[in-house]
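# Residue-level structural notes
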Amino acid sequence: MAKAVVYTLMATAFIILFVFSPNKRHGHTRLGLSRRLGYKAPHFDPLVSRIERSAEEKGLSYHVDNPEHISYLPEVKDAHEYFDDEGNLNTTLRLMILFPLLDNAPKDGLISAKELGAWIGQQANDRLNYRTDKVMAWHDKNGDGAISFREYLPQFTEDDIDENKKGHGEAGWWMEQLNNADVDMSGNLDFNEFNDFLHPEDSDNEEIKKWLLREKMKRMDDDHDGKLNFKEFLEHAYNIYKSYAEFENVAALAPTAEDKFAELDVNKDKYLAVEELIPILRYLNPGELFYAKYFTSYLVYEADDNKDGNLTVEEMLNHENIFYNTLYDDSSDDDDFDDIHDEL
């Protein structure tokens, strides 16, 4: 208790000095990582996630995309401590509280990209698990902690299942996904398997990866031969890969289309099969964990004033708004991915 009081007093003193310092700079938010990095990033602050979830559970429309939209909800335990009398979240205080939680490997007064990435990755994982838990609670009719095909998709008849039609959204299409996720081949999906089923783009399951690529390839394979030639790769895949790769390696250009195609073409037959595209799947079908990685890079890029690859508490407070913005882009035209995701 004494330590908590001392820390609170130290934090308060630092905040007073910082807030009234003439050198304080509010960093502008540069949300345009790229067109495709407009997917909603995980909340940096778990308190914001708790508020958003509480509002959702009450049936409220509550979308937190910048600090001004974060509202106090009395149902969220201890939240009142961080809101002023006008209902505004004290993001400065929140960052001061969170900083030592991130600074832990090692505890050196700096937050490395690795420490920040681990934190944001955990927030993304928590969000995925929260969503899976909600869906599972709704569909697990017999309460056995697993989801059957019947429980999740009761609209399909026995005849539908027997016909096994594999058109998009048909019974056989769904059954293939369920079988891919059913690692233990029990016929039902436990929590982790159901998580993979609901969020295939974030799964490490090799069969799910291949299924995603087969679905993606249907939109890229112009001559319908089940693989990509160089022209198809160039027109449908390369620019997506390039936009991510160049952000990932700021100081280096992405390989040319010819070089990347040759690298992926393991058997040198001048075509790319599904298995050969797996190394770039995360670029073609990015999920929340992938965006979390890029949100980490974005935060370091924006807030690291001295460009040493680490963040100090002063740097974070200089740019506090960016830690409370999430990224959106409604202009995305990647309809094939949206179609798959909407079905799920």
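Quick caveat: nothing in here was measured; it's all calculated off a predicted structure.

With that settled, consider the overall build of the protein chain. Along its length, the protein chain carries 16 helices and four strands. Across the 344 residues of the protein chain, 47% fall into the buried class. Residue pairs at least 24 apart in sequence account for 64% of intrachain contacts in the protein chain once pairs closer than 6 positions are excluded. As displayed, the protein chain has an accessible area near 17,800 Å², and 54% of this comes from carbon and sulfur atoms.

We now examine helix 3 (residues 91–102). Note on helix geometry: an α-helix contains 3.6 residues per turn, so any two residues three or four positions apart are oriented the same way. Between its first and last C-alpha, helix 3 extends 16 Å over 12 residues, near the 16 Å set by a 1.5 Å rise per residue. With nine of 12 residues buried, helix 3 is to be regarded as a mostly interior element. Of the residues making up helix 3, those classed as buried are Thr91, Thr92, Leu93, Arg94, Leu95, Met96, Leu98, Phe99 and Leu102. Two or three places before threonine 92, at the opening of helix 3, asparagine 90 has a side-chain oxygen 3.3 Å from that residue's backbone nitrogen.

Quick look at unusual backbone geometry now. Cis geometry is adopted by the peptide bond preceding proline 106, which originates at alanine 105 and carries an omega value of 0 degrees. Along the chain, proline 106 falls in the loop between helix 3 and strand 1 (111–112). The phi dihedral of histidine 224 falls on the positive side, at around 55 degrees, and the residue is not glycine. With respect to the secondary-structure elements, histidine 224 resides in the loop between helix 9 (206–220) and helix 10 (230–248). Using a relative accessible area of 66% as the deciding quantity, one classes histidine 224 as exposed.

For the rest of this paragraph, the subject is the nonpolar core. Counting 44 residues, the largest nonpolar core has Tyr152, Trp174, Phe194, Phe197, Phe233 and Ile280 as its most contacted members. When residues of this core are assigned to their parent elements, the largest contribution, eight residues, is made by helix 10. Grouped together as the second largest cluster of nonpolar side chains are 34 residues, Ala79, Tyr298, Leu311 and Phe323 included.

Turning our attention to the packing of aromatic side chains. A ring pair, where both rings are aromatic, is described by two values, the distance of the centres and the angle of the planes. Summed over all chains, the structure comprises 22 aromatic pairs. Their ring planes at 45 degrees and their centres at 6.0 Å tell us that tryptophan 174 and phenylalanine 197 sit as a pair that is tilted. Separated by 23 residues along the polypeptide, tryptophan 174 in helix 7 (residues 171–181) and phenylalanine 197 in helix 8 (residues 191–198) bring together distant segments of the chain. The exposure classification of tryptophan 174 matches that of phenylalanine 197, with both residues buried. The aromatic ring of tyrosine 130 is capped on one face by arginine 53, whose charged end is 4.5 Å from the ring centroid. Positioned above the aromatic ring of tryptophan 138 is the side chain of lysine 141, whose terminal nitrogen or guanidinium carbon lies 5.1 Å from the ring centre.

Attention now goes to the confidence of the model for the protein chain. Interpreting fine coordinate detail is not advised for predicted regions of low pLDDT. A residue-level look at the protein chain finds 78% of positions with pLDDT of 70 or above and a mean pLDDT of 82. Taking the mean pLDDT of every element in the protein chain, the minimum, 40, falls on helix 1 (residues 2–19) and the maximum, 98, on strand 3 (residues 188–189). Every residue in residues 328–343 scores below 50 in pLDDT, and together they form 28 contacts with partners more than four places removed in sequence or on other chains.

Where helix 4 (residues 113–139) contacts helix 8, the two axes come as close as 10 Å, and the packing angle between them is 105 degrees. Relative to helix 8, the element helix 4 is oriented roughly perpendicular. Counted together, Leu128, Asn129, Thr132, Asp133, Val135 and Met136 of helix 4 and Phe191, Phe194, Asn195 and Leu198 of helix 8 form the full contact between these two elements. Residue composition of the contact of helix 4 with helix 8, grouped by class: six nonpolar, three polar and one charged.

Our focus in this paragraph is the pattern of salt bridges. Enumeration according to the criterion identifies 13 salt bridges in this entry. Its salt-bridge partner being arginine 94, residue aspartate 45 comes within 2.7 Å of it at the nearest N-O pair. Separated by 49 residues along the polypeptide, aspartate 45 in the loop between helix 1 and helix 2 (46–57) and arginine 94 in helix 3 bring together distant segments of the chain. Looking at arginine 94, the relative accessible area reads 7%, which means it is buried. Several salt bridges share partner residues, and in doing so they unite Arg127, Arg131 and Glu288 into one network.

For the rest of this paragraph, the subject is helix 14 (residues 288–303). The end-to-end C-alpha distance of helix 14, which contains 16 residues, comes to 22 Å, matching closely the 22 Å that a straight helix rising 1.5 Å per residue would cover. With 12 of 16 residues buried, helix 14 is to be regarded as a mostly interior element. Residues of helix 14 that are buried include every one of Glu288, Phe290, Tyr291, Ala292, Tyr294, Phe295, Thr296, Tyr298, Leu299, Val300, Glu302 and Ala303, and no others. Looking at the buried residues of helix 14, the elements they touch are helix 4, helix 10, helix 13 (281–284), strand 4 (310–311) and helix 15 (313–318).

Let us now look at the packing of helix 3 against helix 4. One way to put it is that helix 3 packs onto helix 4 with a least axis distance of 10 Å and a crossing angle of 110 degrees. By the angle between their directions, the pair helix 3 and helix 4 is classed as roughly perpendicular. Counted together, Leu98, Leu101 and Leu102 of helix 3 and Glu115, Leu116 and Trp119 of helix 4 form the full contact between these two elements. In the contact of helix 3 with helix 4, the residues fall into five nonpolar, no polar and one charged.

Definitions and cut-offs
- Counting restarts for each chain, with residues numbered from 1 along the sequence as it is written.
- In keeping with the model being predicted, local features are shown solely for residues with a pLDDT of at least 70 and side-chain atom pairs are shown and tallied solely at 80 or more, while totals for entire chains, interfaces and linings include all residues.
- Note: side-chain values were computed over all heavy atoms of the structure, leaving out hydrogens and water.
- Secondary structure is summarised from DSSP: a helix means a run of H or I of at least four residues, a strand means a run of E of at least two, and numbering begins at the N terminus for each.
- A simple rule labels every residue: compare its accessible area, found with a 1.4 Å probe on the protein chains alone, to the largest value its type can have, and call it buried under 20%, exposed over 50%, or partly exposed in between.
- By definition in these notes, contact holds between two residues if any of their heavy atoms fall within 4.5 Å.
- Here the accessible surface of atoms and residues is derived via Shrake-Rupley with a 1.4 Å probe, and residues count as covered only by protein chains that are part of the display.
- How far a helix is expected to stretch is found by multiplying one less than its residue total by 1.5 Å.
- Identification of polar contacts relies on pairs of N or O atoms within 3.5 Å, with a donor-acceptor requirement for protein atoms, meaning one able to donate a hydrogen and the other able to accept it, and with residues adjacent in sequence counted only if both atoms are side-chain atoms.
- Within this scheme, the nonpolar core is defined by two criteria: the residues are buried Ala, Val, Leu, Ile, Met, Phe, Trp, Tyr or Cys, and they are joined through side-chain atoms within 4.5 Å.
- Think of it this way: a Phe, Tyr or Trp ring, Trp meaning its six-membered ring, pairs with another when their centres are within 6.5 Å, and the plane angle makes it stacked under 30 degrees, edge-to-face over 60, tilted otherwise.
- Whether a charge sits over a ring comes down to the Lys NZ or Arg CZ being within 6 Å of the ring centre and within 35 degrees of the ring normal.
- The predictor's confidence in any single residue is recorded as pLDDT, a number from 0 to 100.
- Convention adopted: a line fitted to C-alpha atoms gives each axis, helices being fitted over their contacting stretch, and angles between N-to-C directions are expressed from 0 to 180 degrees.
- Angles below 35 degrees are treated as roughly parallel, those above 145 as roughly antiparallel, those between 65 and 115 as roughly perpendicular, and all remaining angles as oblique.
- Each residue gets one label: Ala, Val, Leu, Ile, Met, Phe, Trp, Tyr, Cys and Pro are nonpolar, Asp, Glu, Lys and Arg are charged, and the others, such as Gly, are polar.
- When a carboxyl oxygen of Asp or Glu lies within 4 Å of a side-chain nitrogen of Lys or Arg, that pair is called a salt bridge.

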